[in-house]
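# Fold and geometry: a report
These are the residues of each chain, in order.
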Amino acid sequence: MTRYVGAIDQGTTSSRFILFDHEGEIVALDQREHAQIYPRPGWVEHDAAEIWRNTQSVIAGALNKAGLTAADLACVGLTNQRETTLLWDRRTGAPLHNAIVWMDTRTDALVARFSAQGGKDRLRAKTGLPLSTYFSSLKLIWLFENIPGARAKAQAGEALFGTMDSWIAWNLTGRHFTDATNAARTQLMNLETLQWDDELLTLFDIPRACLPQILSSSEIYGACRAPLEGALLSGALGDQHAALIGQACFAPGDAKNTYGTGCFLLMNIGETPRLSTKGLLTTLAYRLGEEKPVYALEGSVAIAGALVQWLRDNLGIIEKSADIEALAASVPDNGDVYFTPAFSGLYAPYWRESARGIIAGLTRFSTKAHIARAALEAVAFQTRDVVAAMAEDSGVALEELRVDGGMAVNALLMQFQADILGAPVVRPRCIETTALGAAYAAGLASGFWKDKREIAAHWRAEKKWNPMMSTEERERRIAKWAKAVTRSFDWTD
Ligand SMILES: Nc1ncnc2c1ncn2[C@@H]1O[C@H](COP(=O)(O)OP(=O)(O)O)[C@@H](O)[C@H]1O
Ligand SMILES: O=P(O)(O)OC[C@H](O)CO
């Protein structure tokens, strides 16, 4: 029997390929960062050709490290940054433009245009999503309106639309498809039927001919080409949905928070898509093969690890991301500095397109260490806002928070998170839960793992942070943060 499953994790910052064994343990990993392209304030692009090259390279790299070949893999799963939008030429395989990244705000004028047309409630009822620069629909319209000939090619089926899952899967298998979790983030899929919705396609004037086929998150999609010759691709889902599976959040009420470039808290809400009244998204959690779809409430935070990258790349106050912990720990507190990182507006629970980042409370006393500390705290405060919205919405307070993602290695952040939530934070042994979830989705379809129960038995807590802050202090800081948040509003109006 082949003893391993491979998972491609195409994230906002980097692409990884990870090999897992039957216990869900990592056997080998290779990772490569790609360029973040910022052509104008608020714009963020990726070179999709570079991402495909990096994907090929990390696949070869991890297989090499493990001394394995594609023939040793029972199957392969694929997970990805969601919403990031690409059009490419069906014949040549060349992208028509750089991919427009999920956090890009160039479509704010389109938000205003469609808001003025009315129908926002109908849109939310059908897709679970508000009108926002975040989702693919408006990014695709921007491409049609700004790239000469793009619409005509799309209408003729000569240009294909896809998020990063479709792009990688098309390059790997030659098949043009997406899974229903990724499709849920385009704002073109009906959350009940899990198919492209005619009313939405008409509203946004999107030609059906360019859209990928929507499939489940766990089924055999096809055999791969080099560098995974012959291996079966049998799992595909958005990264946050994959992390939910990787954290074994299979029961209603189970939740996880993934700290990557952004920060995304998803709570399983079972088989009925319920709309939030507190600024959360309703999304498909996953659809495993022929099983009934499972839904989730999501609190999306655009800027988390991206803030650490910004301190590194734009301000140069740290050399590498991990350095932020020592710098922030070199001062006992934030020195009354609060950082609202509304670089892409504010997402959940505020949904303010026109907010922009601010650092508040600066004095002659403030140092780069206070700013570093305020940056880490901002990630925890944003998560607290989402947790509070989730509790109000569901009427159930979170007993503990399961965490993962690149920033979850930061112990200072994790302790502050527990303090500011007033609830324990638990990190599992494997924090590569996104890739693990994709491997699980693939392995369930291929029969490598029997069922969800077998998978859930692999989950092990590795570390737990208990809250140590007094209630009074917590409330004081939350009030200060809330003040800093309001100061960031309406900057671009
Ligand atoms: N020790 C650390 N402390 C704080 N942030 C970190 C640390 N290590 C990595 N990061 C941040 O985590 C992010 C990468 O996490 P990852 O889960 O790989 O993200 P993505 O899936 O979005 O590419 C980067 O933004 C990086 O700055
Ligand atoms: O790349 P990540 O892990 O920050 O995730 C990005 C999200 O999928 C965007 O919705």
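Scroll up a little and you will see the structure.
Residues numbered from 1 in each chain as written. Chains lettered and ligands numbered in written order. Predicted model: local features only at pLDDT ≥ 70, side-chain atom pairs only at ≥ 80, totals over all residues. Heavy atoms only, no water.

Turning to the sheet that holds strand β20 (residues 425-428), a few remarks are in order. Strand order in the open sheet made by the 7 strands is β15-β16-β14-β13-β19-β20-β21, with mixed pairing throughout. Each of the sheet's edge strands pairs with one partner strand only, and the pair in question is β15 (281-286) and β21 (461-465). Recorded for the sheet is a direction-independent mean angle of 30° between the axes of neighbouring strands. (Pairing = 2+ DSSP bridges. Helix = DSSP H or I, 4+ residues; strand = E, 2+ residues; numbered from the N terminus. Axes fitted to C-alpha atoms, helices over the stretch in contact; angles between N-to-C directions.)

Another point: unusual backbone geometry. Residue Pro227 follows Ala226 across a cis peptide bond; omega there is 5°. Mapped onto the elements of the fold, Pro227 is located in the loop between β11 (218-223) and β12 (232-238). Note that the residue after Ala348, namely Pro349, is joined by a cis bond; omega there is -10°. Mapped onto the fold, Pro349 is located in the loop between β17 (338-340) and β18 (358-360). Non-glycine residue Asp205 carries a positive phi angle of around 55°. Position of Asp205 relative to the elements: it lies in the loop between α8 (198-204) and β10 (213-215). For Asp205, a relative accessible area of 45% puts it in the partly exposed group. (Buried < 20%, exposed > 50% of the residue type's maximum accessible area, 1.4 Å probe, protein only.)

Regular strands place their side chains on alternate faces of the sheet. Burial analysis of strand β14 (residues 263-270) places 8 of its 8 residues in the buried class, which makes it a mostly covered element. In terms of strand pairing, strand β13 (residues 255-259) meets β14 through 5 bridges, oriented antiparallel. The residue bridging Thr258 from the neighbouring strand is Phe264, located in β14. Hairpin connection, β13 to β14: the antiparallel pair is bridged by 3 residues. In the sheet, β14 pairs with strand β16 (residues 294-301) via 7 bridges, with the strands oriented antiparallel.

This paragraph deals with the pattern of salt bridges. All chains considered together, the criterion is met by 33 salt bridges. When the shortest N-O distance is used, the salt bridge between Asp89 and Lys153 registers 2.7 Å. One end of the pair, Asp89, is in strand β6 (residues 86-89); the other, Lys153, is in helix α5 (residues 150-155), and 64 residues separate them in sequence. Relative accessible area serves as the criterion here: at 10%, Asp89 is assigned to the buried category. We classify Lys153 as partly exposed; its relative accessible area is 25%. (Salt bridge = Lys/Arg side-chain N within 4 Å of Asp/Glu carboxyl O.)

What follows concerns the site of ligand 1. Around ligand 1, a shell composed of 19 residues is seen, among which Thr13, Arg16, Thr261, Ser321 and Gly406 lie nearest. Interatomic distance of 3.5 Å between a backbone N/O atom of Thr12 and an oxygen atom of ligand 1. Within the backbone of Gly305, an N or O atom sits 3.0 Å from an oxygen atom of ligand 1. Bound to the protein, ligand 1 loses 87% of the 580 Å² it would expose on its own. (Near = heavy atom within 4 Å. Polar contact = N/O pair within 3.5 Å; in protein donor to acceptor, adjacent residues only side chain to side chain. Areas by Shrake-Rupley, 256 points an atom, 1.4 Å probe, with all protein chains shown as cover.)

What surrounds ligand 2 is the set Gly11, Thr12, Gln81, Arg82, Glu83, Trp102, Tyr134, Asp239, Gln240, Thr261, Gly262 and Phe264. Between Asp239 and ligand 2, the recorded distance is 2.6 Å, taken from a side-chain N or O atom to an oxygen atom. Within the backbone of Thr261, one N or O atom sits 3.3 Å away from an oxygen atom of ligand 2. Out of a free accessible area of 310 Å², ligand 2 has 94% covered by protein chains. When grouped by side-chain class, the residues that make up the shell around ligand 2 number 3 nonpolar, 6 polar and 3 charged. (Nonpolar A, V, L, I, M, F, W, Y, C, P; charged D, E, K, R; others polar.)

A word on the environment of Gly437. Relative to the assigned elements, Gly437 resides in helix α14 (residues 433-446). Through-space distance from the C-alpha of Gly437 to that of Gly246 is 3.8 Å; in sequence the pair is 191 residues apart. In this view, Gly437 contacts Leu237, Ala242, Ile245 and Gly246; residues no more than four positions away in its chain are not counted. (Contact = heavy atoms within 4.5 Å.)

What follows is about the sheet that holds strand β5 (residues 73-80). Across the sheet, which stays open at both edges, the 6 strands sit in the order β3-β2-β1-β5-β12-β11 with mixed pairing between neighbours. The open sheet has two edge strands, β3 (26-33) and β11, and neither has a second partner. Put simply, the sheet's adjacent strands are angled 20° from each other on average, direction ignored. Where strand β2 (residues 14-20) lies against β3, 7 bridges are found, and the strand directions are antiparallel. Looking at β3, one finds that Ser14 is bridged to Glu33. Sheet strands touched by helix α1 (residues 48-66): β1 (4-10), β2, β3 and β5. Its angle to β3, the strand with the most contacts, is close to 150°. Across the sheet, helix α6 (residues 164-173) touches β1, β5, β11 and β12, and the angle it forms with β5 is around 145°.

In short, geometric facts, not functional conclusions.
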